[in-house]
Amino acid sequence: MKSIVLALSLFSIISCKNTETKTETSMTQSTANEEEITSFYIGTYTDGASKGIYKLALKEDGSFTEPVLAAEVSNPSFISFNKNKNVLLAVNENDPGTIESFQVKADTLLQLNQSQTGGAHPCFVVTNDQDYVLVANYTGGNVGLLKLKEDGSLSELLDVQQHEGKGTTDRQEGPHAHSAWFIPDGSGIISVDLGTNQLWFSSVNTETNKLEPVTIQKLNFEEGAGPRHLVFHPTKNFVYVLNELNNTISQIETLNGNYSIVSSTSILPEDFTDFTKAADIHISQDGKFVYASNRGHDSISILEVQEDGSLKLVANEPTKGKDPRNFQITPDEKYIIVANQNGNNLVSYKRDSITGLLTYVAQVTAPAPVCILFE
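Residues numbered from 1 in each chain as written. Predicted model: local features only at pLDDT ≥ 70, side-chain atom pairs only at ≥ 80, totals over all residues. Heavy atoms only, no water.

Could you give me a rundown of a negative patch on the surface, with the residues and numbers involved?
Residues E35, E36, E60, D61 and D332 make up a contiguous surface patch of negative charge. Examined against the element boundaries, D61 turns out to sit in the loop between β2 (52-59) and β3 (68-72). (Patch = residues over 30% accessible without salt bridge, like charges linked within 9 Å, V, L, I, M, F, W, Y side chains within 5 Å. Areas by Shrake-Rupley, 256 points an atom, 1.4 Å probe, with all protein chains shown as cover. Salt bridge = Lys/Arg side-chain N within 4 Å of Asp/Glu carboxyl O. Lys, Arg positive; Asp, Glu negative; His and termini not counted. Charge placed at Lys NZ, Arg CZ, Asp CG, Glu CD. Helix = DSSP H or I, 4+ residues; strand = E, 2+ residues; numbered from the N terminus.)

I'd like a rundown of empty space enclosed by the protein, residues and numbers included.
Here the idea is plain: a probe the size of a water molecule rolls over the atoms and shows the empty space left. For the structure shown, the criterion picks out 1 cavity of 30 Å³ or more. Lining the largest cavity, in full, are S77, F78, C123, H178, R228, H229, A279, D280, R325, N326 and V370. Taken together, the elements giving at least two residues each to the lining of the largest cavity come down to β16 (227-232), β20 (277-283) and β24 (324-329). When its residues are assigned to classes, the lining of the largest cavity shows 4 nonpolar, 4 polar and 3 charged. (1 Å grid on protein atoms, 1.4 Å probe; cavity = no way out; pocket = protein on both sides within 12 Å on 5 of 7 lines; lining within 4 Å. Points joined across faces, edges and corners; volume = space filled by probe spheres on them. Nonpolar A, V, L, I, M, F, W, Y, C, P; charged D, E, K, R; others polar.)

How would you summarise the environment of G152 if you had to cite specific residues and measurements?
Turning to its location among the elements, G152 is positioned in the loop between β10 (142-147) and β11 (159-162). Assessed through its relative accessible area of 5%, G152 is described here as buried. When the C-alpha atoms of G152 and L88 are compared, they prove to be 8.8 Å apart, with 64 residues separating the residues in sequence. For G152, the contacting residues outside a window of four places in its chain are V87, S101 and L112. (Buried < 20%, exposed > 50% of the residue type's maximum accessible area, 1.4 Å probe, protein only. Contact = heavy atoms within 4.5 Å.)

Break down the sheet that holds strand β18 (residues 248-255) for me, with residues and values.
Pairing within the open sheet is antiparallel, and its 4 strands lie in the order β16-β17-β18-β19. In this open sheet, the two edge strands, each paired with only one partner strand, are β16 and β19 (258-266). Each strand axis lies, on average, 25° off the axis of its neighbour in the sheet, ignoring direction. Both β16 and strand β17 (residues 238-243) contribute to a ladder of 5 bridges, which runs antiparallel. Residue H229 lies in a different strand from β17, and its bridge partner there is L242. (Pairing = 2+ DSSP bridges. Axes fitted to C-alpha atoms, helices over the stretch in contact; angles between N-to-C directions.)

Any chance you could break down the environment of E244 for me, citing the residues and the numbers?
Relative to the helices and strands, E244 resides in the loop between β17 and β18. A residue is classified by how much of its surface remains accessible, and E244, at 1% relative accessible area, is buried. With 36 residues separating them along the chain, E244 and D280 place their C-alpha atoms 8.7 Å apart. In contact with E244, not counting residues within four places along its chain, are R171, H178, L194, A225, G226, R228, K277, A278 and R295. Engagement of the side chain of E244 in a polar contact is seen with the side chain of R171, the distance being 3.1 Å. Among the polar contacts made by the side chain of E244, one reaches the side chain of R295 at a distance of 3.3 Å. (Polar contact = N/O pair within 3.5 Å; in protein donor to acceptor, adjacent residues only side chain to side chain.)

Please provide a residue-by-residue account of unusual backbone geometry, values included.
Residue P96 follows D95 across a cis peptide bond; omega there is 5°. Turning to its location among the elements, P96 is positioned in the loop between β5 (87-92) and β6 (98-105). One non-glycine residue, D298, adopts positive backbone phi at about 50°. The residue D298 is located in the loop between β21 (289-295) and β22 (299-305) in this model. On the basis of relative accessible area, D298 is assigned to the buried category, the value being 19%. Notably, A368 is not glycine yet its phi reads approximately 45°, a positive angle. Relative to the elements of secondary structure, A368 occurs in the loop between β27 (358-365) and β28 (369-374). By relative accessible area, which is 13% here, A368 ends up buried.

What follows is the structure in structure tokens.
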């Protein structure tokens, strides 16, 4: 009898241990399967190995999944979401320029339609809460206005704002609209023209669906600057404009609708003298750090925002790839991802929110990546 009781006791203990082991294994697998990832799309140039727009993800540890083709598209060099992130817009940087609308469905993009942009080689697109769409046409030297319909498809071209003028360098022989931005407070539009060396100001007439000039129409930049992209400070009345040709960032102050250049800061080390050109700019959500990419120096510039809004260059982090075009700060601001156009790779960096500094984490091969868009 004692033997039977002992045997039953041992069986019970072993059964409990087996149950515990199975439970622990199950929990471990569940945790591994639920690893947080951040999905994103990349726009590319398709004159080489790329076929269009790809989708991949950044894992919690900063490593990447492999890129998967989401849509076959011609030269989708800049991509953007609508306000609900269920429609993706992609310019086709060709001549004549076109723009395509896609429905976001799981890991694929379903084309809705295509429209003309009003100029050659569109290189930037953005939408606002009213579903208006702005497209900057680089070679056309103009900005096109369209609108998204309820089903996510694009309207025909509604209007074009043609820029006029030129700068002083061989890249500024005529207008080259490089980006266009809806001002966050809803007061209007800022178009950035590398060729005329100016910011152009306008607004959308929602009754006529036309672009109209405002009282102050232009802001001139330092000779040979070549303004390209900009960011708005999240809490202060400053705009930071990245200048491609002289590799600086201009601090613009906005007071009562008036814009003026307050300061200009180099984004390169003092001892660097070789050719390079700036590409992209972003600011942290707390407004403490500005980042910019350099093609030639092949680095990300890290600049600290001072109390008066001016910038101080802190460091330049190598991008481990040639010609970093676009880059993005992840939504949680823990990482920065860089798209090296001619390095054919994406590189991730851990971001220190206190110092602003970057630490290399991982990279993945991607064909001619030039734009990053987080879901």
